[in-house]
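Chains, contacts and geometry: an overview
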Amino acid sequence: MFYNLILKVKKNIWLLPSAYCLVASLLAMIVIWLDTVHGQKIETAIPPTLLISVDLAQNILGILAAALLTMIAITFSTIMVVLTTYSSQFSPRTLSDFVTNQVTMRVLGVYMGGFVYSILALLFMREDLEYEVMAGTIGVLISIVCLAFFAYFIHHVATSIQVNKLISELTRQTLKTSHERLKSKVKGQVVTITNEKPDISLENYMVEEVKSRTFGYIQLIEYNHLYKLAKKHDLVIEIIPPIGTFVTTNKVLFNLYYKGEKPSENIHKFIELGNERTILQDVDFGVQKIVEVTLRALSPGINDPNTAIDGILHIGKLLGTACKHDGSYILYSDSKRVRVFSSKITIDELLYATFYQICHYGRDDTSIMLATYEALIMIAEENDELMKKKIWEFSRYLYKSFNKEVCQELDLQYLNEKIADLREITVG
């Protein structure tokens, strides 16, 4: 359930700040208890320089609470400005990449935690306390930590708003998802990809369709838990729609093949549906995000071809890895048979889905076509002969899509050189 936990944390952005507030509340309770109940012991155990009078502590905590509330308001305002930039300049699909970022949520959590500590400690500061207290000193230390986080947050915003940083981060996340997809996390499990639907000889099995109870995008599939369930009850589970698919109510999600009595487990808990796609298991969605940033850079309102070229080159790096896992089905097997299998998008479909819009909107820009061929060269260099042939066939579609009438003689010369390089790598 590790991925399920990550997904819930990303969906509920209040969880991490709430955790910081809870820790701050516990710290405040401990400090209040020590100051009010064990004040005499604290005076003898802690250096006098770390203890201050109740009046000074009240002033410090009051100032700290007001300052942190202001910093929280500034942080929220900054986040809204960044989200507006992400939506208008990059892509609406990239908003969650900033909002759910660990740095953003951690900074908010530290500020809110500091505010909670200051208010709670101030609430229990009584003028009739006979001893000096350490609550104000700890408040000063918290203010220094908050100031450091504020500087770090400004640096984080300044780098996050750079489109090249966003593209690189999306590439890194998608590459991680691609590598994780084929990792076996269960003992005895073998994960493979094939073009043919597995012949699993199900004549002696009964089949039941498991349908969706709601609608939305498939955000998460717990493949390992489905595999354990299938192995435990001698089942074969076929996952019909691939990850990232939009399904409607009563859409078939699984075909459950079983012998004898059907297992009583609720299989719906192993698949998560939501209002939007996520990058946790969906490699195609990561590629789509970079494509959308690239297309936005090509739009007349922004007109930033260099950013578009950078996006296309990063797409080449991504597909260079993704194309190594070509196939229509992903299988999860044990030593006896296939236990779970699911359909997946083929590389031919992925190449088309990635480049067809780029070709349409960049068909009049020679630099975009040159970058696209450079990306295809990157993909071909990392893959085998069969994939190279597919890439060469796809390049012919790109060439026909390009408007060669806008090219000057020198443009065509450079384009033909790229085509010759790709031909040399793919077909010799």
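Please read all numbers here as calculations on a predicted model, not as lab measurements.

Observations concerning the overall build of the chain
Secondary structure summary: the chain contains 15 helices and nine strands in total. A compact globule built from 428 residues would reach a C-alpha radius of gyration of about 22 Å, whereas the chain, at 28 Å, exceeds it by more than 25%. Considered along the principal axes of its C-alpha atoms, the chain spans approximately 85 × 70 × 35 Å. Out of the 428 residues in the chain, the part that is buried amounts to 48%. Partitioning the intrachain contacts of the chain with sequence separation of at least 6 by distance along the chain shows that 80% fall at a separation of at least 24. Of the roughly 21400 Å² that the chain leaves accessible, carbon and sulfur atoms contribute 58%. In the chain, which carries 42 positive and 45 negative side-chain charges, the distance between the mean positions of the two groups comes to 7 Å.

Some points on the packing of aromatic side chains
Tallied over the full model, the rule gives eight aromatic pairs. Geometrically, the ring pair formed by Tyr352 and Tyr397 is tilted, given 5.8 Å between the ring centres and 55 degrees between the ring planes. Within this pair, whereas Tyr352 is found in helix H12 (residues 347-361), its partner Tyr397 is found in helix H14 (residues 385-401), the two being separated by 45 residues in sequence. The exposure class of Tyr352 is partly exposed, given its relative accessible area of 42%. Among the aromatic side chains, those forming a connected cluster through ring pairs are Tyr352, Phe355, Tyr356, Phe394 and Tyr397.

A look at the sheet that holds strand E7 (residues 271-274)
Across a sheet, paired strands are connected by hydrogen bonds in the backbone, their directions being either parallel or antiparallel. The strand order across the open sheet built from three strands is E5-E3-E7, with neighbouring strands paired in antiparallel fashion. Each edge of the open sheet is held by one strand with a lone partner, namely strand E5 (246-247) and E7. Bridging between strand E3 (residues 216-221) and E7 involves four bridges; their strand directions are antiparallel. If you follow Ile218 over to E7, its bridge partner there is Leu273.

Notes on the side chain of Ser328
Here Ser328 is to be found in the loop between helix H11 (305-322) and strand E8 (329-333). Residue classification places Ser328 among the buried residues on the basis of a relative accessible area of 18%. Excluding anything up to four places from it in sequence, Ser328 contacts Thr194, Asn195, Ser342, Ser343, Lys344 and Thr346.

A closer look at the nonpolar core
Tyr117, Leu319, Phe355, Ile358, Leu376 and Leu422 are the most contacted members of the largest nonpolar core, which has 82 residues in total. Among the elements that take part in this core, helix H4 (residues 54-90) stands out by supplying twelve residues, more than any other. With residues near it in sequence (within four places) discarded, Phe355 still touches Ile315, Leu319, Thr372, Ala375, Leu376, Phe394 and Leu398. Counting residues in hydrophobic clusters, the runner-up holds 26 residues, among them Ile221, Leu256, Tyr258 and Tyr332.

Re the environment of Thr78
Within the secondary structure, Thr78 is located in helix H4. In this structure, Thr78 is in contact with Phe153 and Val157, ignoring residues within four places of it in sequence. A polar contact of 2.8 Å, which involves the side chain of Thr78, links it to the backbone oxygen of Ile74.

A look at the packing of helix H8 (residues 163-181) against H11
Closest axis-to-axis distance for the H8/H11 pair is 10 Å, and the angle between their directions is 10 degrees. Relative to H11, H8 is oriented roughly parallel. For the pair formed by H8 and H11, the contact residues are Val163, Asn164, Ile167, Ser168, Thr171, Thr174, Leu175, Ser178 and His179 on the first element and Thr307, Asp310, Gly311, His314, Lys317, Leu318, Thr321 and Ala322 on the second. Residue composition of the contact of H8 with H11, by class: five nonpolar, ten polar and two charged.

Here we look at the pattern of salt bridges
Applying the stated criterion to the full structure yields twelve salt bridges. A salt bridge links Arg339 to Asp234, with the shortest nitrogen-to-oxygen separation between them at 2.9 Å. Highlighted residues: Arg339 in strand E9 (residues 338-343) and Asp234 in the loop between helix H9 (223-233) and strand E4 (236-239), separated in sequence by 105 residues. By relative accessible area, which is 4% here, Arg339 ends up buried. Classification of Asp234 as partly exposed rests on a relative accessible area of 28%. Note that Asp334 is salt-bridged to Arg339, the shortest N-O span being 2.9 Å. Overlapping salt bridges, with partners in common, bring together Asp234, Asp334 and Arg339 in one network.

Details of the environment of Cys323
Relative to the helices and strands, Cys323 is located in the loop between H11 and E8. A relative accessible area of 3% means that Cys323 is categorised as buried. Taking the C-alpha atoms as reference points, Cys323 and Thr278, 45 residues apart in sequence, are found 21 Å from one another.

Cut-offs and rules
- Residues numbered from 1 in each chain as written.
- Predicted model: local features only at pLDDT ≥ 70, side-chain atom pairs only at ≥ 80, totals over all residues.
- Heavy atoms only, no water.
- Helix = DSSP H or I, 4+ residues; strand = E, 2+ residues; numbered from the N terminus.
- Rg over C-alpha atoms; globule rule 2.2 N^0.38 Å.
- Buried < 20%, exposed > 50% of the residue type's maximum accessible area, 1.4 Å probe, protein only.
- Contact = heavy atoms within 4.5 Å.
- Areas by Shrake-Rupley, 256 points an atom, 1.4 Å probe, with all protein chains shown as cover.
- Lys, Arg positive; Asp, Glu negative; His and termini not counted.
- Charge placed at Lys NZ, Arg CZ, Asp CG, Glu CD.
- Phe/Tyr/Trp six-rings, centres within 6.5 Å; stacked < 30°, edge-to-face > 60°.
- Pairing = 2+ DSSP bridges.
- Core = buried A, V, L, I, M, F, W, Y, C linked by side-chain atoms within 4.5 Å.
- Polar contact = N/O pair within 3.5 Å; in protein donor to acceptor, adjacent residues only side chain to side chain.
- Axes fitted to C-alpha atoms, helices over the stretch in contact; angles between N-to-C directions.
- Parallel < 35°, antiparallel > 145°, perpendicular 65-115°, else oblique.
- Nonpolar A, V, L, I, M, F, W, Y, C, P; charged D, E, K, R; others polar.
- Salt bridge = Lys/Arg side-chain N within 4 Å of Asp/Glu carboxyl O.

Worth remembering: the numbers are spatial, not functional.
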